[in-house]
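# Geometric and topological summary
So the chains spell out like this:
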Amino acid sequence: MTLNTTAEKLADLKERLAEAQDPGSERAKARRDAAGLTTPRQRIARLVDAGSFVETGQLGRTPDEDDAPYGDGVVTGTARIGGRPVAVYAHDKSVYGGSVGITFGKKVCDLMDLATKVGCPVIGINDSGGARIQDAVTSLAMYSEISRRQLPLSGQSPQISILLGKCAGGAVYAPVTTDFLVAVKDRTEMFITGPEVIRSVTGEDITSAELGGAEQQARNGNVSYVADDEEDAFNYVHDLLDHLPSSVHEPLPPYWAPPEDVTDRDRSLDGIIPDDPNAGYDMMEVLTRIFDDEDFVEVQPDYAPNLITGFARVDGRTVGVLANQPMHLAGCLDADCSEKGSRFSNICDAYDIPIIYVVDTPGYLPGVQQEKSGIIHRGAKLGFALAQASVPKVTVIVRKAFGGAYAVMGSKNLGGDLNFAWPTAQIAVMGAEAAVVMIQGRQLAEMPPEQQPAMKKMFMDFYNENMTSPYVAAERGYVDAMIMPSETRVQLRRALDQLRDKELPQVRKKREIAPM
């Protein structure tokens, strides 16, 4: 149809834009509505500031197909969250199942290129059928193009993925390469090969949820946070962005000014560590008291819970936190938590966020299974990340700091800037229980059985007094200050103020090589 007048052309544009608002097939839209699912534009509208979304590529569609739907399965554009610019895209499951085709890929690539130029976060709302089979190699090429653009963004601006449906095959690689991945309980499923393929190839019988459900993938270490629903997922993303800069070139301004004096909340720390050195307690009770407020955004809470990682604030500014959790494996470091901690350290270092270590660990977890899991090279990554990070690093030893775990949890010897210890701290090669076996085991075995308990206790008391005392470390300069627990928040504030202008000399080389 030939359009001759301006009015006709304007009317034609309005018609096309209206069609592009929800371009999926009636069957696909009916299925979506029956399931009570939101549209991609509704999801974006909930995530970003009201009225701030500016769509790009709205009329894009598959080339050489006259009846191809607009959008090509993805909605892309720019917006603001909390007044700060973001680039955002959302898969449209009602168009080609949200699968990746050539126009889909070009739209996402153009958006990522723009984000790289302006230095803003990229947020992807994923709900994809994977590669578009009928597009053959073109679909695979677009996946590669999208992945290639993640590299210049990595460490420059935060990349966040929200998975609101099933993502299979190539559709999972881009999300797990982003800085943070948010899944939704009973909605998210992610795997490289689905249950049907696994059943046909290996004979293993497993359900889709068992294989790739949100909770399972969180335990596998592939998810930063499992949300209860879409609302919770979007709120978590807002919390993350509140603690992150838009880019490494744009420092995050102070959030609010906390009180300078010691408060009742601070004083409650003085009685928080149990008298029994082997008694468990919840490290979160410490973390919610030593920072500005109780606002702690935990990352990967369901994976390797023996190490807590997350964001808090000191003096109104974001800090990253690595803290041992005595409630899980007594706070021992294992292969999983070492990788979890090292990656989180790298994120903090990339975005110039100071790191706080809160230490209570009896060492690396021993055992045959840990050796098979690669504890040697995976455990080394935590120390490598500590030494590599150039941001301010402050350590607070609240109880145990034994063996190699002492070294990699923010020790001065591996690059920690300032180390503080509470009077309840114990710092040594190993705990008294293990030391009595290593040092006095033979002598104890030769004693009469009735004398052994008393002699064992005598040795352990001597060892704790002379070998694990934090004052020994303080006397030798490995602890900068012994502090009262109630002083911790104020001391952290002063420490980071001192370290604000920290700079390290740069060595001329291309890059470091991480452990195996």
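Report on the accompanying structure. (Residues numbered from 1 in each chain as written. Predicted model: local features only at pLDDT ≥ 70, side-chain atom pairs only at ≥ 80, totals over all residues. Heavy atoms only, no water.)

### So, the sheet that holds strand β3 (residues 84-91)
Read from one edge to the other, the open sheet built from 7 strands follows the order β1-β2-β3-β4-β5-β7-β9, with strand pairing classed as mixed. Whereas interior strands pair on both sides, the edge strands pair on one side only; in this sheet they are β1 (54-56) and β9 (225-227). Averaged over neighbouring strand pairs, the angle between their axes works out to 20° when direction is ignored. Looking at chain direction, strand β2 (residues 74-81) and β3 are connected through 8 bridges and run antiparallel. If you follow valine 75 over to β3, its bridge partner there is alanine 90. Of the strands in this sheet, β1, β2, β3, β4 (122-126) and β5 (159-163) are in contact with helix α3 (residues 40-47), which crosses β3 at around 155°. (Pairing = 2+ DSSP bridges. Helix = DSSP H or I, 4+ residues; strand = E, 2+ residues; numbered from the N terminus. Axes fitted to C-alpha atoms, helices over the stretch in contact; angles between N-to-C directions. Contact = heavy atoms within 4.5 Å.)

### Regarding the nonpolar core
Leu47, Ile123, Ile162, Leu240 and Phe311 are the most contacted members of the largest nonpolar core, which has 57 residues in total. It is helix α10 (residues 230-242) that contributes the most residues to this core, 6 residues altogether. Non-local contacts of isoleucine 162, meaning those with residues more than four positions away in its chain, are made with Leu47, Ile123, Gly124, Ile125, Asn126, Val182, Ala233, Phe234 and Val237. Core analysis: the next-biggest nonpolar cluster, separate from the first, contains 29 residues, Ile273, Ile308, Leu418 and Ala495 among them. (Core = buried A, V, L, I, M, F, W, Y, C linked by side-chain atoms within 4.5 Å. Buried < 20%, exposed > 50% of the residue type's maximum accessible area, 1.4 Å probe, protein only.)

### What about the pairing of strand β11 (residues 307-314)?
Each regular strand carries side chains that alternate between the two faces of the sheet. Within β11, 8 of the 8 residues are buried, which leaves it mostly tucked inside the rest of the structure. The alternating pattern of β11 places Leu307, Thr309, Phe311 and Arg313 on one face and Ile308, Gly310, Ala312 and Val314 on the opposite face, and all of these are buried. Across 2 bridges, strand β10 (residues 297-298) lies against β11 in antiparallel orientation. Bridge pairing in β11 links valine 297 to phenylalanine 311. Strand direction decides the pairing type here: β11 and strand β12 (residues 317-324), joined by 8 bridges, are antiparallel. Note on β12: the bridge partner recorded for glycine 310 is valine 321. Hairpin connection of β11 to β12: 2 residues between the antiparallel strands, including aspartate 315 at a positive phi of 55°.

### A look at the layout of surface pockets
Looking at the largest pocket, its volume works out to about 720 Å³. If you list the elements that add at least two residues to the lining of the largest pocket, you get α5 (137-153), α6 (173-177), β7 (180-184) and α13 (335-350). Ranked by the residues each element gives to the lining of the largest pocket, the list is headed by α13, at 8 residues. Of the residues belonging to the lining of the largest pocket, the class tally is 11 nonpolar, 14 polar and 5 charged. When its volume is computed, the second largest pocket comes out at roughly 540 Å³. As for the second largest pocket, its lining consists of 23 residues, and the residues nearest its centre are Pro251, Arg317, Asp352, Pro354 and Arg500. Of the residues forming the lining of the second largest pocket, the biggest block, 3 residues, is contributed by β12. Taken together, the residues of the lining of the second largest pocket sort by class into 15 nonpolar, 3 polar and 5 charged. (1 Å grid on protein atoms, 1.4 Å probe; cavity = no way out; pocket = protein on both sides within 12 Å on 5 of 7 lines; lining within 4 Å. Points joined across faces, edges and corners; volume = space filled by probe spheres on them. Nonpolar A, V, L, I, M, F, W, Y, C, P; charged D, E, K, R; others polar.)

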